[in-house]
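Observations on chain architecture
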Amino acid sequence: MRKSLPAAIWLGLMVLAVLAGPVLADSPDAGITVEPGEVTAGGTILLAGNDLEPDDERVLVLQGEDVAVDLGTATTDADGMLGLEVTIPAHLPTGVYQLQAIGDETLSVELKITAVAGGGAIEPSAADAAVSRERGAVELGAIVAVAAVLAALGLLLVVRAERFRGHAVT
């Protein structure tokens with residue numbers, strides 16, 4: 001009989017945890033919406049969320065076919081509501097994007113973006129652009145030479161350590 005009491009307590013705690021779980025998570029009706037659903041790059045939209053976890057911070061990401069743009073964060077109010085005006089970056093190409101609000105789970109809504117007139121000529125800012133360059137033969141040779149010298153020094157240290165391993169330090 002003594003063993004059944006702790007088992008009953010554990011069973012009661014597990015049932016309580018299962019019943020309390022939905023209270024802590026977002027409602028099944030939780031979601032986000034955008035107005036308008038189609039915008040020109042550089043324009044603004046209104047992001048709204050409802051039935052979310054109260055006082056919860058969400059990371060906002062605009063995900064396209066070949067691009068992901070961090071739009072910052074938004075925090076829900078005490079009632080789990082979210083309302084935020086978001087500016088869409090002007091350098092984005094025309095396409096269908098997913099606006100994601102990432103928290104304990106990811107909520108998303110579709111957003112159609114039209115590039116600004118002449119948008120093909122607009123380049124992302126230097127901070128957004130990835131720079132790639134090719135290394136010349138001299139530069140590659142120098143890198144290989146430095147790596148070889150470092151490998152030789154490492155090998156020398158290992159050999160010396162092994163040679164003095166058997167000698168006692170006095």
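Residues numbered from 1 in each chain as written. Predicted model: local features only at pLDDT ≥ 70, side-chain atom pairs only at ≥ 80, totals over all residues. Heavy atoms only, no water.

**Digging into the overall build of the chain**
Along the backbone of the chain there are two helices and eight strands. The secondary structure elements of the chain, listed N-terminal to C-terminal, are α-β-β-β-β-β-β-β-β-α. Evaluated residue by residue, the chain yields a buried proportion of 22% over its 170 residues. For the chain, contacts bridging at least 24 residues in sequence account for 56% of all contacts bridging at least 6. For the chain, the exposed area adds up to about 12100 Å²; of that, 62% sits on carbon and sulfur atoms. (Helix = DSSP H or I, 4+ residues; strand = E, 2+ residues; numbered from the N terminus. Buried < 20%, exposed > 50% of the residue type's maximum accessible area, 1.4 Å probe, protein only. Contact = heavy atoms within 4.5 Å. Areas by Shrake-Rupley, 256 points an atom, 1.4 Å probe, with all protein chains shown as cover.)

**Focus on the sheet that holds strand E1 (residues 31-35)**
The strand order across the open sheet formed by three strands is E1-E3-E6, and the pairing between neighbours is antiparallel. Where the open sheet ends on each side, the last strands, each with one partner, are E1 and strand E6 (82-87). Mean inter-strand twist for the sheet, computed between neighbouring axes without regard to direction, equals 20°. Note that E1 and strand E3 (residues 44-50) share five bridges and pair antiparallel. Bridge pairing in E3 links Ile32 to Gly49. (Pairing = 2+ DSSP bridges. Axes fitted to C-alpha atoms, helices over the stretch in contact; angles between N-to-C directions.)

**Overview of the environment of Ile45**
Summarising the element assignment, Ile45 is placed in strand E3. Distance from Ile45 to Val86, taken between C-alpha atoms, is 5.4 Å for residues 41 residues apart in sequence. Excluding residues within four positions of it along the chain, Ile45 makes contact with Val34, Glu35, Pro36, Val39, Leu84, Glu85, Val86, Ile88, Leu99 and Leu111.

**Thoughts on the layout of surface pockets**
Of the volumes computed, that of the largest pocket is approximately 160 Å³. Lining the largest pocket are Gly64, Glu65, Asp66, Val67, His91, Leu92, Pro93, Thr94, Gly95, Val96 and Tyr97. Residue classes in the lining of the largest pocket are distributed as five nonpolar, four polar and two charged. (1 Å grid on protein atoms, 1.4 Å probe; cavity = no way out; pocket = protein on both sides within 12 Å on 5 of 7 lines; lining within 4 Å. Points joined across faces, edges and corners; volume = space filled by probe spheres on them. Nonpolar A, V, L, I, M, F, W, Y, C, P; charged D, E, K, R; others polar.)

**Here we look at the side chain of Asp56**
Tracing the sequence through the fold places Asp56 in the loop between E3 and strand E4 (57-63). The class for Asp56 is buried, based on a relative accessible area of 13%. A polar side-chain atom of Asp56 sits 3.3 Å from a polar atom in the side chain of Arg58. Among all residues touching Asp56, those that are not within four sequence positions of it are Ala74, Thr75 and Thr76. (Polar contact = N/O pair within 3.5 Å; in protein donor to acceptor, adjacent residues only side chain to side chain.)

**What about the sheet that holds E4?**
What the five strands build is an open sheet, ordered E2-E8-E7-E4-E5; its pairing is mixed. Of all the strands in the sheet, the pair left with one neighbour each is strand E2 (38-40) and strand E5 (68-75). Between one strand and the next, the sheet's axes are offset by a mean angle of 30°, whatever the strand orientation. Pairing between E4 and E5: seven bridges, direction antiparallel. Residue Arg58 lies in a different strand from E5, and its bridge partner there is Ala74.

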